[in-house]
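# Structure assessment
Residue-level listing of the chains:
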Amino acid sequence: MSSKEFLEKLNKAIARELQVSIQYMWQHVSWKHPKKEIRDELKKIAIVEMRHAEDIAERLVELGGTPTTKPEEIKVGEEPAEMIERDVRDEEGAIKLYTEIIEDAEKLGDEATANLFKKILEEEKKHREYFMKALKQL
Ligand SMILES: [Fe+2]
Ligand SMILES: [Fe+2]
């Protein structure tokens, strides 16, 4: 793992955070299901994801990189169950990528990045848990 590859992985993380931040916010605004708690939670999680993007971008700049402005493909969906199924998959993708980033950061001796991603990883696990629980109510 070169430091260039590592910075590219951090940018991949930023692209994902930007994607889910917009995706969850647009799911929030277009929500048509009577379960209003899920609608409200989508907005809260969207804001948490934007904070993740900011935290990772700050670290990337400290490491000499330039944060991407391009989100991964945004998939809002139409039916509530379809939306939340996508969100569960996106959280699983984040958990997989961030577990890898923590391992890479530790190999590179970059404690600050490892610690940042450990904190974010815990939040992604909570999001996945929440979406899985929400899915059963739809
Ligand atoms: Fe996130
Ligand atoms: Fe998340």
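Residues numbered from 1 in each chain as written. Chains lettered and ligands numbered in written order. Predicted model: local features only at pLDDT ≥ 70, side-chain atom pairs only at ≥ 80, totals over all residues. Heavy atoms only, no water.

## Comments concerning the coordination of the iron ion (ligand 1)
The condition is simple: Donor criterion used throughout: N, O or S atom within 2.8 Å of the metal, extended to 3.2 Å for Na, K and Ca. Water excluded; incomplete-looking sites may result.
The protein atoms donating to the iron ion (ligand 1) are Glu17 (OE), Glu17 (OE), Glu49 (OE), His52 (ND1) and Glu124 (OE), with metal-donor distances spanning 2.0 to 2.4 Å. All donor residues of the iron ion (ligand 1) come from one chain, and their arrangement in sequence is E-x31-E-x2-H-x71-E.

## Quick word on the coordination of the iron ion (ligand 2)
Filter applied, for reference: Secondary structure is summarised from DSSP: a helix means a run of H or I of at least four residues, a strand means a run of E of at least two, and numbering begins at the N terminus for each. Relative accessibility under 20% of the residue-type maximum defines a buried residue, over 50% an exposed one, and the middle range a partly exposed one, all with a 1.4 Å probe and only protein chains included.
Within the protein, Glu49 (OE), Glu91 (OE), Glu91 (OE), Glu124 (OE) and His127 (ND1) serve as the donor atoms for the iron ion (ligand 2), at 2.0 to 2.4 Å. We note that the donor set of the iron ion (ligand 2) lies within a single chain, spaced as E-x41-E-x32-E-x2-H. Here the iron ion (ligand 2) and the iron ion (ligand 1) are spaced 3.8 Å apart, with glutamate 49 acting as a shared donor. Linking glutamate 124 with histidine 127, this pair stays in helix α4 (residues 111-135), spanning three residues, or about one helical turn. By the burial criterion, glutamate 124 is buried, and histidine 127 matches it.

## Overview of the side chain of aspartate 90
Operational definition: Note on definitions: a residue-residue contact is assigned when non-hydrogen atoms from the two residues lie within 4.5 Å.
Within the secondary structure, aspartate 90 is located in helix α3 (residues 80-107). Given a relative accessible area of 7%, aspartate 90 falls into the buried group. Discounting chain neighbours no more than four positions away, the residues touching aspartate 90 are Arg16, Gln19, Val20, Gln23, Tyr24 and Lys75.

## Section: α4
Given 3.6 residues to a turn, an α-helix orients residues that are three or four positions apart in the same direction. Test applied: The span you would expect from a helix comes to 1.5 Å times its residue count less one.
Taking 1.5 Å per residue, 25 residues should reach 36 Å; α4 reaches 36 Å between its end C-alpha atoms and fits that length. Every buried residue of α4 is accounted for by Thr113, Ala114, Leu116, Phe117, Ile120, Leu121, Glu124, His127, Tyr130, Phe131 and Ala134. In this fold, the buried residues of α4 make contact with α1 (3-30), α2 (36-62) and α3.

## Observations concerning the packing of α2 against α4
The condition is simple: Axis definition: a line fitted to C-alpha atoms, over the contacting stretch in the case of helices. Angles run 0 to 180 degrees between N-to-C directions. Throughout this description, any angle smaller than 35 degrees is read as roughly parallel, any larger than 145 degrees as roughly antiparallel, any in the 65 to 115 degree range as roughly perpendicular, and the remainder as oblique. Handedness of a crossing follows from how the near helix is turned relative to the far one, being left-handed for an anticlockwise turn of less than a right angle and right-handed for a clockwise one.
Orientation of α2 relative to α4, taken along the N-to-C sense of each, is 165°, at an axis distance of 11 Å. Taken together, the axis directions place α2 and α4 in an arrangement best described as roughly antiparallel. Seen from above, α2 lies across α4 with left-handed handedness. The residues of α4 that touch α2, namely those facing Glu37, Ile38, Glu41, Leu42, Ile45, Val48, Glu49, His52, Asp55, Ile56 and Arg59, are Ala112, Thr113, Leu116, Phe117, Lys119, Ile120, Glu123, Glu124, His127, Tyr130, Phe131 and Ala134.

## Describing the environment of glutamate 72
For glutamate 72, the location among the structural elements is in the loop between α2 and α3. The sequence separation of glutamate 72 and glutamate 17 amounts to 55 residues, and the corresponding C-alpha distance is 8.4 Å. Discounting chain neighbours no more than four positions away, the residues touching glutamate 72 are Lys12, Ala15, Arg16 and Gln19.

## With respect to the nonpolar core
Note that soluble globular proteins tend to have their nonpolar side chains buried in a common cluster. Definition in use: Only buried residues count toward a nonpolar core. Its members are Ala, Val, Leu, Ile, Met, Phe, Trp, Tyr and Cys residues joined through side-chain atoms within 4.5 Å.
In this structure, Leu10, Ala13, Ile14, Ile56, Tyr98, Ile101 and Phe117 are the most contacted members of the largest nonpolar core, which totals 22 residues. Breaking this core down by element, the ones donating at least two residues are α1, α2, α3 and α4. Tallying contributions element by element places α3 first for this core, with seven residues. Leave out the neighbours within four places in its chain, and isoleucine 101 touches Phe6, Lys9, Leu10, Ala13 and Phe117.

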